[in-house]
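Coordinates in review
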Amino acid sequence: MRIHSAEDATVLADWLSHWLSGGGSLLFMTDYDGTLTGHVPDPAEARLAPDVRRCLSALVRAPNVRLAVISGRDLGDVAQRVAVPGAVYAGCHGFVIDGPGIAFSHPGALAQQSIVRALGETLARRASSIQGMRVETKRLGLTVHYRHMSEAGRRTFEVELARAMSQIEGGRLKLFHGTKAVEILPQVAWSKGHCALRIREWALGALSPPMLSVYIGDDWTDELAFGKLVGQAITVRVGPAESASRAMYRLDCVQGVHRLLARLAEAAGPRSGA
């Protein structure tokens, strides 16, 4: 079943709300950019709305719910932006996980940390000569933003990036294109999907059965999670229907995610007589 309309999205919200209000356990995993917040020209301005934070906090307070935010941002960045104590946070596309009762750093990615840092320093020096180029250095990865570059600047950036990558010694890095940005990560067999499975394994031990798992995301890095979670989670793609997806359901926009969260927060709240 795939979600294409507000009516069908309500069906999903009704189902999950009924599950929670009936005492079922829920692991709720979500991306940040493009899912909890809309995409904005400057990623630094992607701020979580207070009412969304209240909904997430309500989920964390529920004894039968665990919340995880899995992001391409650095771990500290996404944790600071969400700012919900008790949630699990995963940064750098799942290379690092931290939360109550769970902690993980991918050893293969850690082994290449110095190489990633050196590449970031090289690109940051070259960014001073390319207007609009911004290098975001993370613990285990890099993001080079080109949203504000001219076409000529973009071509120069691509040449500089290829030159810097060719000078790397002793490590293997992978490069892929995000939303107006290039992501550079250690070349290891790990993705948001592997991260989601590890968090799900932890939640199975932390919550009483039966447990439902939900994963919501908006881009191709989340598609890796959708693929890994087939048969193990309810997967939801955020965005227009023309984008192909492995997800079971679809919400048209970020506001649909917010409406779902509001319904779940209400269902997870204290029940009369409890």
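As a reminder, the structure under discussion sits directly above these lines.
Position numbers for residues count from 1 along each chain, tracking the sequence in the order it is written. In view of the model being predicted, local features appear only for residues whose pLDDT reaches at least 70, and side-chain atom pairs are presented and counted only at 80 or more, with totals across whole chains, interfaces and linings using the full set of residues. Water and hydrogen atoms play no part in the side-chain values, which are based on all heavy atoms of the structure.

1. Here's the deal with the packing of helix α2 (residues 50-61) against helix α9 (residues 254-268)
Axis definition: a line fitted to C-alpha atoms, limited for helices to the stretch in contact. Angles are taken between N-to-C directions and run from 0 to 180 degrees. Helix and strand assignments come from DSSP, with helices taken as H or I runs of at least 4 residues and strands as E runs of at least 2, each series counted from the N terminus. Viewed as axis vectors pointing N to C, α2 and α9 meet at an angle of 40 degrees, and their least axial separation amounts to 8 Å. It follows from the interaxial angle that α2 and α9 lie oblique. Between α2 and α9 the crossing geometry is left-handed. Mapping the contact onto sequence places V52, C55, L56, A58 and L59 in α2 and H258, L261, A262, L264, A265 and A268 in α9. All amino acids are sorted into three groups, where Ala, Val, Leu, Ile, Met, Phe, Trp, Tyr, Cys and Pro are nonpolar, Asp, Glu, Lys and Arg are charged, and the leftover types, Gly among them, are polar. In terms of residue class, the contact of α2 with α9 is built from 10 nonpolar, one polar and no charged. The cut-offs work like this: below 35 degrees is roughly parallel, past 145 is roughly antiparallel, 65 to 115 is roughly perpendicular, and the gaps in between are oblique. Less than a right angle of anticlockwise turn of the near helix away from the far helix marks a crossing as left-handed, whereas a clockwise turn marks it as right-handed. We call two residues contacting when some pair of their heavy atoms lies within 4.5 Å.

2. Describing the pattern of salt bridges
Salt bridges, as used here, are contacts in which a Lys or Arg side-chain nitrogen is within 4 Å of a carboxyl oxygen on Asp or Glu. For the coordinates displayed, the defined rule picks out 12 salt bridges. For D77, the salt bridge goes to R73, with nearest N and O atoms at 2.9 Å. Residue classification places D77 among the buried positions, given a relative accessible area of 18%. We call a residue buried when its accessible area falls under 20% of the maximum for its residue type, exposed when it is over 50%, and partly exposed in between, using a 1.4 Å probe and counting protein chains only. Looking at R73, the relative accessible area reads 7%, which means it is buried. The network of salt bridges with shared partners includes D33, R73, D77 and R81.

3. Some words on the packing of helix α7 (residues 192-206) against helix α8 (residues 220-228)
Interhelical geometry of α7 versus α8 gives an angle of 50 degrees and a closest axis separation of 7 Å. Considering their axes alone, α7 and α8 lie oblique with respect to each other. Where α7 crosses over α8, the two elements pack in a sense that is right-handed. Residues K192, G193, H194 and L197 of α7 form the contact with α8, whose own contacting residues are T221, D222, L224, A225 and K228. Considering only residue class, the contact of α7 with α8 consists of three nonpolar, three polar and three charged.

4. A closer look at the sheet that holds strand β7 (residues 142-145)
DSSP calls a pair of strands paired once it identifies at least 2 bridges connecting them. Ordered by their spatial adjacency, four strands build an open sheet running β6-β7-β9-β8, and the pairing between neighbours is antiparallel. Because the sheet does not close on itself, it has two edges, and the strands there are β6 (134-137) and β8 (173-177). For this sheet the average axis-to-axis angle between neighbouring strands, irrespective of direction, equals 20 degrees. Two strands pair when backbone bridges link them, and β8 and strand β9 (residues 181-186) are joined in this way by five bridges, in the antiparallel orientation. Each bridged residue has a counterpart across the sheet, and for L175 the counterpart in β9 is I184.

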